Structure formats: C-alpha cells, structure tokens
Amino acid sequence: MVASLVITVIWGLKVDVDEMLRPILERNPQIQAAQIDMVIDMQKKFILPFGILGVLFITPAAMALVALFYWLIGKALPEAEAPSYLQALSAAIVPGLVKLPHMLLIAVICLVRPIGGLTPDKVAPTSLGYFLHVDSIKLQALYYALDLFYFTEAALAFLALRYLVRIKTAGALLAVLVPMACAIGMRLLGAK
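Residues numbered from 1 in each chain as written. Predicted model: local features only at pLDDT ≥ 70, side-chain atom pairs only at ≥ 80, totals over all residues. Heavy atoms only, no water.

**Q** Looking at this structure, I do not really get the nonpolar core. What am I missing?
**A** The tendency in soluble globular proteins is for nonpolar side chains to be buried as a group. In this structure, Trp11 and Cys110 are the most contacted members of the largest nonpolar core, which totals 19 residues. Within the residue set of this core, elements represented by two or more residues are helix H1 (2-14), helix H2 (17-27), helix H3 (33-76) and helix H5 (100-112). Counting residues per element, this core draws most heavily on H5, at 5 residues. (Core = buried A, V, L, I, M, F, W, Y, C linked by side-chain atoms within 4.5 Å. Buried < 20%, exposed > 50% of the residue type's maximum accessible area, 1.4 Å probe, protein only. Helix = DSSP H or I, 4+ residues; strand = E, 2+ residues; numbered from the N terminus.)

**Q** What is the right way to look at the packing of helix H7 (residues 137-145) against helix H9 (residues 169-190) in this model?
**A** A packed helix pair is summarised by two numbers, namely the angle formed by the two axes and the spacing between the axes. At a minimum axis distance of 8 Å, the contact between H7 and H9 shows a crossing angle of 145 degrees. In this structure, the crossing between H7 and H9 has a hand that is right-handed. Contacts from Lys138, Ala141, Leu142, Tyr144 and Ala145 of H7 reach H9 at Ile184, Arg187, Leu188 and Leu189. The residue makeup of the contact of H7 with H9, split by class, is 7 nonpolar, no polar and 2 charged. (Axes fitted to C-alpha atoms, helices over the stretch in contact; angles between N-to-C directions. Left-handed = near helix turned anticlockwise from the far one by under 90°. Contact = heavy atoms within 4.5 Å. Nonpolar A, V, L, I, M, F, W, Y, C, P; charged D, E, K, R; others polar.)

**Q** Whenever I open this one, the side chain of Gln140 confuses me. Can you help?
**A** Looking at where Gln140 falls in the secondary structure, it is placed in helix H7. Residue classification places Gln140 among the buried residues on the basis of a relative accessible area of 11%. Polar side-chain contacts of Gln140 include one of 2.9 Å to the backbone oxygen of Leu132. The residues touching Gln140, leaving out its near neighbours within four places in the chain, are Gly129, Leu132, His133 and Val134. (Polar contact = N/O pair within 3.5 Å; in protein donor to acceptor, adjacent residues only side chain to side chain.)

**Q** What exactly am I supposed to notice about the environment of Leu89 here?
**A** For Leu89, the location among the structural elements is in helix H4 (residues 85-93). The exposure class of Leu89 is partly exposed, given its relative accessible area of 23%. Along the primary structure Leu89 and Leu139 are separated by 50 residues, whereas in three dimensions their C-alpha atoms are 33 Å apart. Ignoring anything within four residues of it in the chain, the contact list for Leu89 reads Met63, Ala64 and Ala67.

**Q** How should I be thinking about H7 in this particular structure?
**A** Residues three or four positions apart in an α-helix share a direction because the helix packs 3.6 residues into each turn. Among all positions of H7, only Gln140, Ala141, Tyr143, Tyr144 and Ala145 are buried. Tucked into the core, H7 has its buried residues touching helix H6 (128-131) and H9.

**Q** Any chance you could explain the packing of H3 against H4 here in plain terms?
**A** Closest axis-to-axis distance for the H3/H4 pair is 8 Å, and the angle between their directions is 120 degrees. The orientation of H3 with respect to H4, classified from their angle, is oblique. Crossing angle aside, the handedness with which H3 passes H4 is right-handed. On H4, the residues touching Met63, Ala64, Val66, Ala67, Leu68, Tyr70 and Trp71 of H3 are Tyr85, Ala88, Leu89, Ala91, Ala92 and Ile93. Here the contact of H3 with H4 is composed, by residue class, of 13 nonpolar, no polar and no charged. (Parallel < 35°, antiparallel > 145°, perpendicular 65-115°, else oblique.)

**Q** Got a minute to help me understand the pattern of salt bridges in this structure?
**A** When the charged atoms of two side chains with opposite charge come close together, those side chains can pair. Applying the stated criterion to the full structure yields 5 salt bridges. When the shortest N-O distance is used, the salt bridge between Arg22 and Asp37 registers 2.5 Å. Within this pair, whereas Arg22 is found in helix H2, its partner Asp37 is found in helix H3, the two being separated by 15 residues in sequence. What makes Arg22 partly exposed here is its relative accessible area of 22%. Here Glu153 makes a salt bridge to Lys99, at a shortest N to O gap of 3.2 Å. Placement of Glu153 in helix H8 (residues 148-163) and of Lys99 in the loop between H4 and H5 is noted, with a sequence separation of 54 residues between them. (Salt bridge = Lys/Arg side-chain N within 4 Å of Asp/Glu carboxyl O.)

Take it as geometry only, folks, not as evidence of what the structure does.
Written out as structure tokens, the structure reads:
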C-alpha cells in the first residue's frame, strides 16, 4: 500500500490530465465539445485525492475480498484441513510484494521523464502493450494487461494457495485464474 501510495502521488503530480482524458472524452458521443474542458478541469482537481482514497480504501477492500474468495475455495477444496481466513489473507497479499520492483521502476520513470497522459500501467516497459501498438483500444488494453510482474504474482499466488492455504491443485488454479480473468475483463471493459 505504501508503494502504491507513493506511485499514486508521484504519478498524480506528473500526469497531463488533459492529454490522458481528452481523446477519451472526444470519442464519447454523450459529452458535448463545450463540456470537455470543464470535465478535464474538474478531473485535474480530483485525480490525486481520489487516487489516494482508492489506495487507502479500495485496495484493502479488494484484498479482503480476494482473501474471502481464497478462503471459500479452501473450504470447498481443502487438501487437508480447511484453512483459516488469515492464511487466505496472507496468500492474497504476500504474492503482491513481487510487484515492488515494478512499482519502484514506475516511480523512477515518472520522476525522471515526462509521462504525458500515460497511466501507471503504461509507463514501465514490462508489458506487451509497451512494445506493441495497435489501433484497437480493447486489444491494446489486453496487451497492457499481459505484464510480466502480474503473471509472476499469479504464479506466486498459486504456490501460496497450494502450500500455505493447502488447497488442491484444481482449486488453486481456479482461485488464481478467476480473479485474473475478472481483472483483465474489467480492464477491457474500461478501455475507452
């Protein structure tokens, strides 16, 4: 959370909100051209506070929900005894520590060069989307979701579920793949 908070603050201070939002707003037929500047000005004021609130409240809530999902899978498909919620919470949080170097890289890149309208997931050269650029917005979002650190986190989550939470192999795969598919799906749905 601390690393996410640091990235959010650094990125929020450096991002060009106009460059990030104008293309999205111009493609939206429900927003009139006269409203675009007003929306961008409003977003400039709120991007940093809402980003910080998101890290402080949404991130822990998401981890608690993932842990609940892991715990329920562990109850349904235990290899030995059913896991505790704290074991499931550890399996939800600890694999995310593998992303600390990635977060450090994003923070350094944001500090040393202009990032324009790039979102944090598009700053570092760790995803396929950084190297491949296509016209399809949805396909480009998928490419950015294919990140080395996220796949490493998923592999570590699988190991944590197998050996810490002691879920059967099929359950551990299900517990890792369902949240990953949901996260990628949400990124594709949100791509505009």
